[in-house]
Amino acid sequence: MPDIAFVNGHFLPWNEATISIDDRGFQFGDGIYEVIRTYRGIPFEVKAHLNRLDRSAKELQLAQPYSHVQWAEWIQQGLERGCYQNAKIYIQVTRGVALRDHAFPEDAGPTVVMTIRELHPLSLQTRQDGVSAATCEDLRWGRCDIKSVNLLGNVLAREGAKKAGVFEAILVRDGLVTEGSLSNVLAVQSGAVVTAPEGPRILSGVTRTVVLGLAKKEGIPVYERFMSVDSLYTADEVFLTGTTLEVLGVVQVDGKTIGSGRPGPITRTLASRWTLLTG
Ligand code: PLP
């Protein structure tokens, strides 16, 4: 089954989809995106993702072309064409095609792209063993709460992680942990889950929100506050959350072993609650 693309209201095979070189997404990174995944063919937390898409659009004064009902319809049609059990739905909305000028164009309509591709989950072994991470300077702009396609800071951090042979880059601004290059970072300290607060320094992850809710349900205290890098090193547990990562234990940061060197009990509890929730 080929991967599916959708461009401005039309479905077509992924390898036939094109957009203009004058698109502002290409020229300026002037656009927003969302990644939604399915479990057994059913998209997970669509409303939360579409709410975040709306919010990103509003913050950038970008026209959101479709209502939630219309988006849900396009997503459903795409999934029926793709037929994947586990699919990754990537939505991108840019400020459209216009002659190159930094200021907003007067008459351009948004460009809307969606792709539906098979999701290859992480191996069970990786989940059981946990992953390693390395910290790096958070070079991103001042509005990391907007899910913008402008991802250079994340790209450079991720490349650094790859070169260092670790799974994820943990971003640090002014000595404080913000988030991962494509994940939120959470730690367990004295039995409580601690993670950076929502605000301009992090993307408010859909998975983060659900996992914090699961923790509260389990009676685990949750504190949304910034952590220093040292307090991350000495945390009992560290884990990442994200749409494709789900709940993933981190067992080493900058070569320092976290806790016992295995995903800890609270990480494992939350990962198993996640599995129960998503089937
Ligand atoms: N933080 C960043 C920078 C991300 O890119 C992502 C996911 O792409 C996340 C956090 C996790 O967000 P979500 O749980 O909504 O996938």
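Residues numbered from 1 in each chain as written. Predicted model: local features only at pLDDT ≥ 70, side-chain atom pairs only at ≥ 80, totals over all residues. Heavy atoms only, no water.

Counted according to the given criterion, the structure contains nine aromatic pairs. An angle of 85 degrees between the planes, with centres 5.4 Å apart, marks the rings of Y39 and F44 as edge-to-face. For F44, a relative accessible area of 14% corresponds to the buried category. Three or more aromatic residues joined by ring pairs form one cluster here, namely F6, F11, Y66, W71 and W74. Above the ring of Y39, the side-chain terminus of R37 is found at 3.7 Å from the ring centroid. (Phe/Tyr/Trp six-rings, centres within 6.5 Å; stacked < 30°, edge-to-face > 60°. Buried < 20%, exposed > 50% of the residue type's maximum accessible area, 1.4 Å probe, protein only. Lys NZ or Arg CZ within 6 Å of the ring centre and 35° of its normal.)

Our focus in this paragraph is the nonpolar core. Grouped together as the largest cluster of nonpolar side chains are 25 residues, with contacts concentrated most on I32, W71, I75, I89, I91, M114 and I116. Those elements that provide at least two residues to this core are β1 (4-7), β3 (31-39), α2 (46-59), α3 (68-82), β5 (87-94) and β6 (111-118). Residues in contact with W71, not counting those within four places in the same chain, are L50, L53, Q64, Y66, I91, V93, V112 and M114. Core analysis: the next-biggest nonpolar cluster, separate from the first, contains 20 residues, V131, I170, L245 and I258 among them. (Core = buried A, V, L, I, M, F, W, Y, C linked by side-chain atoms within 4.5 Å. Helix = DSSP H or I, 4+ residues; strand = E, 2+ residues; numbered from the N terminus. Contact = heavy atoms within 4.5 Å.)

Moving on, we get to helix α6 (residues 206-217). Look at α6: 17 Å from first C-alpha to last across twelve residues, which is about the 16 Å you get at 1.5 Å a residue. Restricting attention to buried positions, one finds in α6 the residues V206, T207, R208, V210, V211, L212, L214 and A215. (Expected span 1.5 Å × (residues − 1).)

As a further point, take the layout of surface pockets. Size it by volume and the largest pocket reaches roughly 1,000 Å³. For the largest pocket, the lining is made up of 41 residues, of which Y33, V35, K147, S181 and L182 are closest to its centre. Elements that contribute at least two residues to the lining of the largest pocket include exactly β3, β5, β6, α5 (152-164), β9 (176-180), α6 and β14 (237-242). The biggest single contributor to the lining of the largest pocket is α5, with five residues. A per-class count over the lining of the largest pocket returns 15 nonpolar, 16 polar and ten charged. Of the volumes computed, that of the second largest pocket is approximately 510 Å³. Along the walls of the second largest pocket sit 22 residues, with L124, R127, E246, A271 and T275 positioned nearest its centre. Going through the elements one at a time, β3, α4 (124-129), β15 (246-253) and α8 (265-278) are the ones with two or more residues in the lining of the second largest pocket. (1 Å grid on protein atoms, 1.4 Å probe; cavity = no way out; pocket = protein on both sides within 12 Å on 5 of 7 lines; lining within 4 Å. Points joined across faces, edges and corners; volume = space filled by probe spheres on them. Nonpolar A, V, L, I, M, F, W, Y, C, P; charged D, E, K, R; others polar.)

Strand order in the open sheet made by the six strands is β2-β1-β6-β5-β3-β4, with antiparallel pairing throughout. Bordering the open sheet on either side are β2 (10-13) and β4 (42-43), each of which pairs with just one other strand. In this fold α3 packs onto β1, β2, β3, β4, β5 and β6, with an angle of close to 35 degrees to the strand it touches most, β6. (Pairing = 2+ DSSP bridges. Axes fitted to C-alpha atoms, helices over the stretch in contact; angles between N-to-C directions.)

A word on the pattern of salt bridges. Applying the stated rule across the entire model yields 18 salt bridges. In this structure, the salt-bridge partner of D129 is R262, at a minimum N-O distance of 3.2 Å. With D129 in helix α4 and R262 in the loop between β16 (256-257) and α8, the pair connects residues that are 133 residues apart, well separated along the chain. Its relative accessible area of 46% is what places R262 among the partly exposed residues. Linking D138 and R173 is a salt bridge whose minimum nitrogen-to-oxygen distance equals 3.4 Å. Separated by 35 residues along the polypeptide, D138 in the loop between β7 (131-137) and α5 and R173 in strand β8 (residues 168-173) bring together distant segments of the chain. Exposure remark for R173: the relative accessible area of 14% places this residue in the buried category. (Salt bridge = Lys/Arg side-chain N within 4 Å of Asp/Glu carboxyl O.)

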